[in-house]
Amino acid sequence: MYLYNEFDQKIVDERVNEFRHQTQRYLQGELTEEQFRPLRLMNGLYIQTHAPMLRINIPYGLLSSKQLRMFAQISRQYDKNYGHFTTRQNIQFNWPTLESVPDILADLASVQMHAIQSSGNCIRNVTSDPLAGVCADEIEDPRPYCEIIRQWATLHPEFSYLPRKFKIAVSGSPKDRAATQVHDIGLHMKINEQGLLGFEVLVGGGLGRTPVIGQTIRPFIEQEYILSYLEAILRTYNRFGRRDNKYKARIKILVRETGLDAFKELVEAEWQAIKGGPLRLNNDDIQRIKNHFTPFSYHQGASDTLLTDKLVSDSTFKQWYQQNTQAHKQRGYRIVFVSLKSPNRAPGDATDQQMDAVANLADSFSFGHLRTTHDQNLVLTDVKQDDLYTLWQQLEELDLATRNIGTITDMICCPGLDFCSLANASSIDIAQGITERFNDQAIELGDISLKMSGCMNGCGHHSIGEIGILGVDKKGEQWYQLTLGGSDSQQSQLGQRLGPSIAKENVVNAIDNIVSVYKENRTDNEKFAKTFNRVGIQAFKDKVYDSNK
Amino acid sequence: MTLISNKQIIADNWRLLDETHPTQPGNSIVSLQFWLDNKEHLGQHQGELGLLLSGDENPEAFCNELNHFSLIVIEIPNFVDGRAYSLAQLIRTRYQFGQEIRAIGDVLPDQAGYLFRVGFSSLQFSTQELATLALSKLNDFSHHYQPAI
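Residues numbered from 1 in each chain as written. Chains lettered and ligands numbered in written order. Predicted model: local features only at pLDDT ≥ 70, side-chain atom pairs only at ≥ 80, totals over all residues. Heavy atoms only, no water.

Visitor: Can you help me understand the overall build of chain A in this one?
Guide: Within chain A, the secondary structure is distributed over 18 helices and 21 strands. In terms of C-alpha radius of gyration, chain A reaches 23 Å, essentially the compact-globule figure of 24 Å for 549 residues. Structurally, chain A occupies a C-alpha span of about 60 × 60 × 55 Å along its principal axes. When the 549 residues of chain A are sorted by exposure, 63% land in the buried category. For chain A, long-range pairs separated by at least 24 residues make up 67% of all intrachain contacts whose partners lie at least 6 apart in sequence. (Helix = DSSP H or I, 4+ residues; strand = E, 2+ residues; numbered from the N terminus. Rg over C-alpha atoms; globule rule 2.2 N^0.38 Å. Buried < 20%, exposed > 50% of the residue type's maximum accessible area, 1.4 Å probe, protein only. Contact = heavy atoms within 4.5 Å.)

Right, here's the structure in full:
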């Protein structure tokens, strides 16, 4: 993984000092709340329902065991012994005090981590495929490019006061595991007809109140021009993005109101003027970063006899193996998903003990590294096949081996009304209701992506869930709007509204009815999405609303 | 009002042109509209001219006029409005304006380093205290990832 040099370290250390001073000035009344707000947000600090919330970047989802232990330590020292992993490869702490945040940031800096631009109207944490570098379908490892973009975006003098937040995601595989199509900019690594490496550039995707799938602004840009092209898009957005209404300030609205072609003309004109400038990358620049992402020294010809035996003798292990692990591009190794969707905790949450223990497991079994996913789980990416059984036993003890990766109980869920000051409705209790109802049949139901947000800001990505749940406020009561048929895989798609919103006490039954229509109609191993597309929404609508009468 | 430039507090040798008495000599700042309407008279002006722009001004509206001015003033209406940053950047790099570019209006001391890095060469603050703080904040970072202007 990328390791800070002296220069990187100095920047995060100096950033901590800067924020410490800003916090002091705020507490002494030298900065107003209005002035302090964007400054604290750009250091990850929100003021939430109960306490401040601190969001920390996990750049492109890559963590060392040492860094994970620091999260555990921070949760013990400054919070309530847990952290919440988010859809954009961040971790959030919900209970720190404002005064302690500079100390937390200093602790993070000591392990090469930071919260710079994890919030605010600036370029956010660059996210990527959690399986980068280990999946077999990869065109190119996107992580070095994510790091190049991270550095360019960090404390960018021109783009720190944008009209609104700006999110970039990069994928190196045809299968989109980073939701790139619902980002302000989505980058897909490509090799063109001349054999050159570069990116397809998508622009204007996003969720929230107005969900939009990103459109291709440039089918191919060579790697040397990626920063200048990003700079051209950002400059165009910074100049012309709307600032009169925060709900219309994202780049997706600018692209829609300008029209993709006209927007593209503006960007291309800007890019032509700067493409040969200092942002043009040379091979040495790229190689210097790539050197940080060389493959681990894998054990060649690793045995799999133990694995084969255990798959026969232990059916629970076999179920976990089938559900929670995936093929690795290196023979003899396997990718292991650590489920943060146990029935006993809110989706995406991990306790300090779990974090410490996973750090130890990463050291023992996966080269001391791990990843966080868009689906709010953790991944040990490089596990020897014959270590799987031991690893599984330990994960079981830690309540981190729930056999539900990709299933209906592996849901994406925002913190909702319990923590968030924006939310209209709670998500965590609905998630618990769904988990209880479907826990025993999750595997049998197969892949179903269920995503839930407590308000239309859509942090739980409900619009791209095969089953989407959106919390709405109806005269002070919590109601839920359901959508079906969304997707965030290869070709993203927004879900269709099922019908009128549903009262809180009926939501789990409604999901049960949706699932029963699927079960009645599916053929053989047909997945939910396919059955839905074949059968159409009406059958689901009839079942949910007829039985609700 | 206190002005900083080149890492120190400097005297302000400029004033806004009184549009009712435009013939008054001395270094004067004029709005773009006033300049466009009175170019010929102002050509005879005794003293240097500065051009006042808002952060959302389109460079095409003034880029051919730049050689008449030895100062560009960009007004920032609200410190969270980042358009002035891109405008200064364009004036400096695309239109190759080599003289003073000044930020006025709602500027936080914390933004001083950013503003200088996108091409501003002077910043105006409402008090000497804020100007001094802004100067000290220029030392907050010793390294940067982006190329400087």
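Moving on from the coordinates now.
Visitor: Explanation requested: the interface of chain B and chain A in the structure shown.
Guide: In many reports, interface size means the accessible area that the parts give up when they come together. At the interface, 29 residues of chain B touch 36 residues of chain A. Across the chain B/chain A interface, buried area totals approximately 3000 Å², and carbon plus sulfur atoms make up 59% of it. Of all residues in chain B, Tyr114(B), Phe141(B) and Tyr145(B) give up the largest surface area on contact with chain A, accounting jointly for 25% of the area buried on that side. The salt bridge partner of Arg243(A) is Asp81(B), with a shortest N-O separation of 3.5 Å. (Buried area = accessible area lost by both parts, 1.4 Å probe. Salt bridge = Lys/Arg side-chain N within 4 Å of Asp/Glu carboxyl O.)

Visitor: When you look at empty space enclosed by the protein in this model, what are you seeing that I'm missing?
Guide: Left-over empty space is what a probe sized like a water molecule reveals as it rolls over the atoms. Residues and elements named next belong to chain A. On inspection of all chains with the given rule, the structure shows 8 cavities of 30 Å³ or more. Residue lining of the largest cavity: Met-1, Tyr-2, Tyr-4, Pro-59, Tyr-60, Leu-62, Gln-67, Gln-112, Met-113, His-114, Glu-147 and Arg-150, and that is the complete set. In terms of residue class, the lining of the largest cavity is built from 7 nonpolar, 3 polar and 2 charged. Each pocket or cavity is described by its volume, and for the second largest cavity that value is around 90 Å³. Forming the walls of the second largest cavity are Asn-57, Pro-59, His-114, Ile-116, Gln-117, Ile-123, Arg-124, Asn-125, Val-126, Arg-150, Ala-153 and Thr-154. Looking at the lining of the second largest cavity, its residues break down into 5 nonpolar, 5 polar and 2 charged. (1 Å grid on protein atoms, 1.4 Å probe; cavity = no way out; pocket = protein on both sides within 12 Å on 5 of 7 lines; lining within 4 Å. Points joined across faces, edges and corners; volume = space filled by probe spheres on them. Nonpolar A, V, L, I, M, F, W, Y, C, P; charged D, E, K, R; others polar.)

Visitor: Even after reading the chapter, I still don't get the pattern of salt bridges, so can you show me in this structure?
Guide: For side chains of opposite charge, pairing can occur when their charged atoms come near one another. Applying the stated criterion to the full structure yields 39 salt bridges over all chains. Across the pair Arg280(A) and Glu224(A) runs a salt bridge, and its minimum N-O distance is 2.8 Å. Remark: Glu224(A) occurs in the loop between strand S10 (215-222) and helix H6 (226-240) and Arg280(A) occurs in the loop between helix H8 (260-274) and helix H9 (283-290); sequence separation between them is 56 residues. Here the residues in one salt-bridge network are Glu158(A), Glu231(A), Arg235(A), Glu270(A) and Arg94(B), joined through shared partners.

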